[in-house]
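What follows is each chain in one-letter form.
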Amino acid sequence: VAPVNEASLDVIGHLLALDNYPDRELVDQIMVVLNTLVQTAVVAAVRRADDDGIEHLRGLLRPIWANKLQGEAYFEAQSNMFEGIMTASGNLPVQLIARSLLAQFRPQMTALKDFMDPQSGTHGELARKVDQAIGSRDLDTLTASFNDLSNFHRERMQRTFDAFEAAQQPASLEVSAS
């Protein structure tokens, strides 16, 4: 095993797979990094985009807030959104780092997916604000709205861990006097 200062991104998948489910602190750290990368990419994409490019970006977000997706449909729409934003950014290092992290992160999250509360109303409203900021090309509002959406994702993931861990606890046995 290489020391941390010599390790590559490839170690993330192994660290996430050390137990029956990923470590919540590591997941949160990865989410912070991914959110920062996606935010960097979406701001760059909006700066670069012509009117058609803006409509393309908004089209990537629309299924997430307009369709109230859940489960696999939500994760597919989110994957399409991330991929489209990364590509539109034109930032190759951001694309490579984000794709590497996502490729290791997503498969390890399957143990938790049944415990995720979609909260589609809150999520949809936050995604709609990001969409509107993209449409108006307001980078300050875009940054603030994306931060709100990212914080929502992180908080939701912590609630997901709470629900998963509660489900793993053995049911308390009640002893009755007979």
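Refer to the structure presented above.
Values in this document were obtained by computation on a predicted structure and should not be read as measured data.

Inspection of the entire model under this criterion finds seven salt bridges. With a shortest N-O distance of 3.2 Å, R137 and D51 are connected by a salt bridge. Here the residue R137 occupies a position in the loop between helix 6 (120–136) and helix 7 (139–168), and D51 occupies one in helix 3 (residues 51–66), the gap between them amounting to 86 residues. A relative accessible area of 32% places R137 in the partly exposed class. Its relative accessible area of 58% is what places D51 among the exposed residues.

Our focus in this paragraph is the nonpolar core. For soluble globular proteins, nonpolar side chains are generally found buried alongside one another. Counting 47 residues, the largest nonpolar core has V27, I85, F105, I134, L142 and M157 as its most contacted members. Those elements that place two or more of their residues in this core are helix 1 (11–16), helix 2 (24–48), helix 3, helix 4 (71–89), helix 5 (92–108), helix 6 and helix 7. Of the residues forming this core, the biggest block, 12 residues, is contributed by helix 2.

Among the surface-exposed residues, V11, L15 and L18 lie close enough to one another that they form a single nonpolar patch of about 260 Å² accessible area. Position of V11 among the secondary structure elements: in helix 1. Since its relative accessible area comes to 32%, V11 is described here as partly exposed.

By the element assignment, D148 lies in helix 7. Residue classification places D148 among the partly exposed residues on the basis of a relative accessible area of 42%. Separated by 55 residues in the primary sequence, D148 and P93 have C-alpha atoms spaced 25 Å apart.

Quick look at the packing of aromatic side chains now. All chains considered together, the criterion is met by three aromatic pairs. Taken together, a centroid distance of 4.6 Å and an interplanar angle of 65 degrees make the contact between Y21 and F164 edge-to-face. Taken together, the residues span a long stretch of sequence, with Y21 in the loop between helix 1 and helix 2 and F164 in helix 7 at a distance of 143 residues. What makes Y21 partly exposed here is its relative accessible area of 24%. Ring geometry for F115 and F164: centres 5.2 Å apart, planes at 85 degrees, overall edge-to-face. Linking F115 in the loop between helix 5 and helix 6 with F164 in helix 7, this pair joins segments that are 49 residues apart in sequence. Grouping aromatic residues by their ring pairs yields a cluster made of Y21, F115, F161 and F164.

Rules and cut-offs
- Numbering of residues begins from 1 in every chain and follows the order in which that chain's sequence is written.
- For a predicted model such as this one, the threshold for reporting local features is a pLDDT of at least 70, and the threshold for listing and counting side-chain atom pairs is 80 or more; totals across whole chains, interfaces and linings nevertheless cover every residue.
- The side-chain figures draw on all heavy atoms in the structure; neither hydrogens nor water molecules are used.
- Salt bridges are counted wherever a side-chain nitrogen of Lys or Arg sits within 4 Å of a carboxyl oxygen of Asp or Glu.
- Segments assigned H or I by DSSP are reported as helices when at least four residues long, segments assigned E as strands when at least two residues long, and all are numbered from the N terminus.
- Between buried and exposed lies partly exposed: a residue is buried under 20% and exposed over 50% of the maximum accessible area for its type, with that area taken using a 1.4 Å probe on protein chains only.
- Each nonpolar core is a collection of buried residues, namely Ala, Val, Leu, Ile, Met, Phe, Trp, Tyr and Cys, held together in the definition by side-chain atoms within 4.5 Å.
- Only residues whose relative accessible area exceeds 30% and that take part in no salt bridge are eligible for patches, with like-charged residues grouped when within 9 Å of each other and nonpolar side chains (Val, Leu, Ile, Met, Phe, Trp, Tyr) grouped when within 5 Å.
- Computed with a 1.4 Å probe, the accessible areas rest on the Shrake-Rupley method; for each residue, only the protein chains presented here act as cover.
- A pair of aromatic rings is counted whenever rings of Phe, Tyr or Trp (Trp by its six-membered ring) have centres within 6.5 Å, and the orientation is called stacked for planes under 30 degrees apart, edge-to-face for over 60 and tilted otherwise.

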